[in-house]
Amino acid sequence: MTRGRGIRRSAALAVALGLGLSGSLVAGPAGAEEKEGPSVRWGTCPEDVAAEAAPVVLECGTVPVPKDYADPDGGRIELMISRLASTDPDKRRGTLMLNPGGPGGSGLSQPAFLANRGIPSEVLDTYDVIGMDTRGIGRSAPVACGFTPEGPYFANIPPYAVDDAAVTARAKVVKKVAEQCAERDKDGVLPHLTTANTARDLDRIRAALGEERTSFLGYSYGTALGAAYASMFPERSDRIVLDSNIGDTHLDRDGMRRFALGVEQTFPDFARWAAARHDSYGLGRTPAEVRRTYFTLAERLDEKPVDGFDGGMLRQITFSFLFKEVQYSKLAQLWQTMKSGGDSKDLRTLVARSGPADQGDGTADTPPSLDNQLSVFLAVSCNDVKWPTSVDTYRKGVAEDRARYPMFGAAAANILPCAFWPYARAEKPVAINDNGPRNILLVQNLRDVPTPHVGGKLLRQKFADRSRLVSVDDSGHGVYVYGDNPCALNTTTRYLVDGKMPKMDAFCPAG
């Protein structure tokens, strides 16, 4: 492997995100509510899942679901789920299903991940906590388009486009990517990876667990899945917590472009942090100087990459490392090495040491393969909603966002394989259903890179009186358990355990 490919492989791990028919979407298509199936037979989890969960011990089992809900008697796929069971029958309320985000994040070890991270024991007493690999992911009929870190498609976020020509060049790459996915879809699973179908899967899992209703805790993309479930099956939704909201039941082009807004809103926190430590890192004595350092380094690498490490890669890694303050020191160290003219070996070492950083979306330390993650992200995002097909539309958007959000706009607005996706959409995106119980608690940091605060406000407007929004004066991706704000922790725990929803939207000051 060449030195440039080594950097590419390490960087791919650092930036891959664990940012997922016809008929009525509220009722589900024919066959979506067939008789409840057999109960789950619990057993030992796979060795790697058990190792990730340690010292917590999880049980695992499988649930069969239709591959195509429009043809429920056709082929089936098996979904693997996990359980951290309540040990207090007097306090047990039911099940709390989890989703870590993505689409493309494995959730089998997530119950243990949250337990090890310190989720209040009252929550673990109140619920059997259910993790899962949703359809297409990990051990649930996994899909793969054949992506590699050395290839041209190695991250869910498009590369920064320095000019119109870069968008045109990228269009040729992603067109081949879309074709490649279709060619490798031998089992015909890809077109059935949608948020609506995954929500239907949740209801099958609920039935297999013998529950009349289920609670749900979803992070990042998991908020889209939870919003879809609460909209399609309002009478079967119990207590719903949506953390770090993308703003709808799907990720569309507008949602992707908001990543650039999130960078602009979050970067000042890092800039203040770095400026206060100028004597150690030398990145600037003021936040304004730190911001100028970013542009200076990116433009230098645009003109003269270091063994494959270019300005686009710097921008993507910066995007990724802004997810949590705990990663700021790694980012500052990387910038410092580049600023001082460090060689490719130094860069490789730093990026590899940083690894696939915990981005606060609930993704476990050992995710599914990069290929699997990227493939699921594409399938769900491209199947859920119609994306623009004109390259000119993306060139225009990149130019607009390069000026509006200069730090990352020309990346987030760049063209995706969804522009050339070969599968026709079988149904429209799930429409938000505001006719149901008031049971949706939205929690959102004021500064969040992939899901800026506006996402919570958008979902609050759409769910209307069914929801309440808790805005948190904090920075980073992930609030409940992942953050350290006592007000947000207490408010969310109170709702999950006691069902006490805030009477009105709430604000949690910095803790």
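Small disclaimer: the values here were computed from a predicted structure and weren't measured.

Asks: Quick question: what am I supposed to make of the overall build of the protein chain here?
Replies: For the protein chain, the count of helices and strands is 18 helices and 10 strands. Burial analysis of the protein chain (511 residues in total) assigns 60% to the buried set. For the protein chain, the computed accessible surface area is about 19,200 Å², with 49% contributed by carbon and sulfur atoms.

Asks: So what exactly am I meant to see when it comes to the packing of aromatic side chains here?
Replies: Think of a pair of aromatic rings as described by two things: how far the centres are apart, and how the planes are tilted against each other in angle. Counted under the stated rule, the structure contains 18 aromatic pairs. Ring geometry for Phe147 against Tyr153: centres 4.9 Å apart, planes inclined by 45°, an arrangement best described as tilted. For the pair Phe147 and Tyr153, one class covers both residues: buried. The ring of Tyr394 has Arg253 sitting right over it, with the charged end atom 4.8 Å from the ring centre.

Asks: Help me out: how do you make sense of unusual backbone geometry in this one?
Replies: Excluding glycine, residues mostly have negative phi values, and the peptide bonds linking residues are mostly trans. Following Ala54, the chain continues to Pro55 via a peptide bond in cis, the omega torsion being 5°. Mapped onto the secondary structure, Pro55 falls in the loop between α2 (47-53) and β2 (59-66). With an omega dihedral of -10°, the bond running from Gly102 to Pro103 counts as a cis peptide bond. Along the chain, Pro103 falls in the loop between β4 (94-99) and α3 (110-117). Non-glycine residue Ala464 carries a positive phi angle of around 50°. Even without being a glycine, Val481 presents a positive backbone phi close to 75°. Mapped onto the fold, Val481 is located in the loop between β9 (467-475) and α18 (486-498).

Asks: It is not clear to me how the pairing of strand β3 (residues 76-84) should be interpreted in this structure. Could you clarify?
Replies: Consecutive side chains along a regular strand alternate between the two faces of the sheet. Most of β3 sits out of view: 7 of its 9 residues are buried. Relative to β3, β2 is paired through 8 bridges, and the arrangement is antiparallel. If you follow Thr62 over to β3, its bridge partner there is Met80. Bridging between β3 and strand β5 (residues 127-132) involves 4 bridges; their strand directions are antiparallel. Bridging from a neighbouring strand, Ile81 pairs with Met132 of β5.

Asks: Which parts of the structure should I look at to understand the sheet that holds β5?
Replies: Across a sheet, strands are paired by hydrogen bonds formed along the backbone, either parallel or antiparallel in direction. Strand order across the open sheet formed by 10 strands is β1-β2-β3-β5-β4-β6-β7-β8-β9-β10, with mixed pairing between neighbours. One side of each edge strand has no neighbouring strand; the edge strands of this open sheet are β1 (43-44) and β10 (506-508). With 2 bridges joining them, β1 and β2 adopt antiparallel strand pairing. What sits directly across from Thr44, in β2, is Glu59.

Asks: Would you take a moment to explain the state of the cysteines for this structure?
Replies: Applying the stated criterion across every chain, the model contains 4 disulfides. Two residues share a disulfide in this structure: Cys45 and Cys60, whose sulfurs sit 2.0 Å from each other. Between Cys45 and Cys60 the sulfur-sulfur dihedral comes to about 95°; the bridge is accordingly right-handed. Highlighted residues: Cys45 in the loop between β1 and α2 and Cys60 in strand β2, separated in sequence by 15 residues. Here Cys45 falls in the buried class, since its relative accessible area comes to 7%. With a sulfur-sulfur separation of 2.0 Å, Cys487 is cross-linked through a disulfide to Cys508. Of note, the bridge from Cys487 to Cys508 carries an S-S torsion of about -60° and is left-handed in sense. Here Cys508 lies in strand β10 and Cys487 lies in helix α18, a separation of 21 residues in the sequence. The partly exposed category is assigned to Cys487, whose relative accessible area is 26%.

Asks: Help me out: how do you make sense of the packing of helix α10 (residues 287-303) against helix α11 (residues 311-321) in this one?
Replies: Contact pair α10 / α11: the axes reach a minimum separation of 7 Å and the direction vectors enclose 145°. Seen from α10, the contacting residues are Tyr294, Leu297, Ala298, Glu299, Leu301 and Asp302; seen from α11, they are Gly311, Gly312, Leu314, Arg315 and Thr318.

Asks: What am I meant to see in helix α17 (residues 454-463) here?
Replies: Among all positions of α17, only Gly455, Gly456, Leu459, Arg460 and Phe463 are buried. In an axial view of α17, the angular spread of the buried residues amounts to 135°, which keeps them on one side of the axis. Considering only its buried residues, α17 is in contact with α7 (221-232), β7 (237-243), β8 (440-447) and β9. Positioned one or two residues after α17, Ala464 has a phi angle of 50°, which is positive.

Asks: What exactly am I supposed to notice about the side chain of Asn439 here?
Replies: Tracing the backbone through its elements, the reader meets Asn439 in the loop between α16 (409-412) and β8. Take Asn439: its relative accessible area is 4%, and that puts it in the buried class. If near-sequence neighbours (up to four positions away) are discounted, Asn439 is found in contact with Ser237, Asp238, Arg239, Ile240, Arg466, Tyr495 and Met501.

Asks: I keep staring at the nonpolar core and nothing clicks. Help me out?
Replies: Here is a general trend for soluble globular proteins: nonpolar side chains tend to be buried in one another's company. Ranked by internal contacts, the top residues of the largest apolar core, which has 113 residues, are Phe267, Phe270, Trp335 and Leu378. If one sorts the elements of this core by residue count, helix α8 (residues 253-275) sits on top with 11 residues. If sequence neighbours within four positions are ignored, Phe267 has contacts with Val290, Arg291, Tyr294, Leu322, Trp335 and Met407. Judged by nonpolar contacts, the second largest core, of 35 residues, contains Cys60, Met80, Tyr127 and Tyr219.

Conventions adopted
- Counting restarts for each chain, with residues numbered from 1 along the sequence as it is written.
- Only residues with pLDDT of at least 70 are given local features in this predicted model, and only at 80 or more are side-chain atom pairs given and counted; all residues enter the totals for whole chains, interfaces and linings.
- Side-chain measures here rest on the full set of heavy atoms in the structure, leaving out hydrogens and waters.
- Where helices and strands are cited, they refer to DSSP runs of H or I of at least four residues and of E of at least two residues respectively, numbered from the N terminus.
- Accessibility here uses a 1.4 Å probe with only protein chains present; expressed as a share of the type maximum, an area under 20% marks a residue as buried, one over 50% as exposed, and anything in between as partly exposed.
- Areas reported here follow the Shrake-Rupley algorithm with a probe of radius 1.4 Å; residue values treat only the protein chains shown as occluding.
- Pairing of aromatic side chains here covers Phe, Tyr and the six-membered ring of Trp, requires ring centres within 6.5 Å, and sorts the geometry by plane angle: under 30 degrees stacked, over 60 edge-to-face, intermediate tilted.
- By the criterion adopted, a ring carries a charge over it if an Arg CZ or a Lys NZ lies within 6 Å of its centre and within 35 degrees of its normal.
- Only strands that DSSP links by at least two bridges are regarded as paired with each other.
- The disulfide criterion used throughout: a pair of cysteine sulfur atoms within 2.5 Å.
- Axis angles are defined between N-to-C directions and span 0 to 180 degrees, where every axis is a line fitted to C-alpha atoms and, for a helix, only to the segment in contact.
- Here, residues are in contact when the closest pair of their heavy atoms is within 4.5 Å.
- By construction, the arc corresponds to the directions joining the helix axis to the C-beta atoms.
- In this text, buried Ala, Val, Leu, Ile, Met, Phe, Trp, Tyr and Cys residues form a nonpolar core when linked through side-chain atoms within 4.5 Å.

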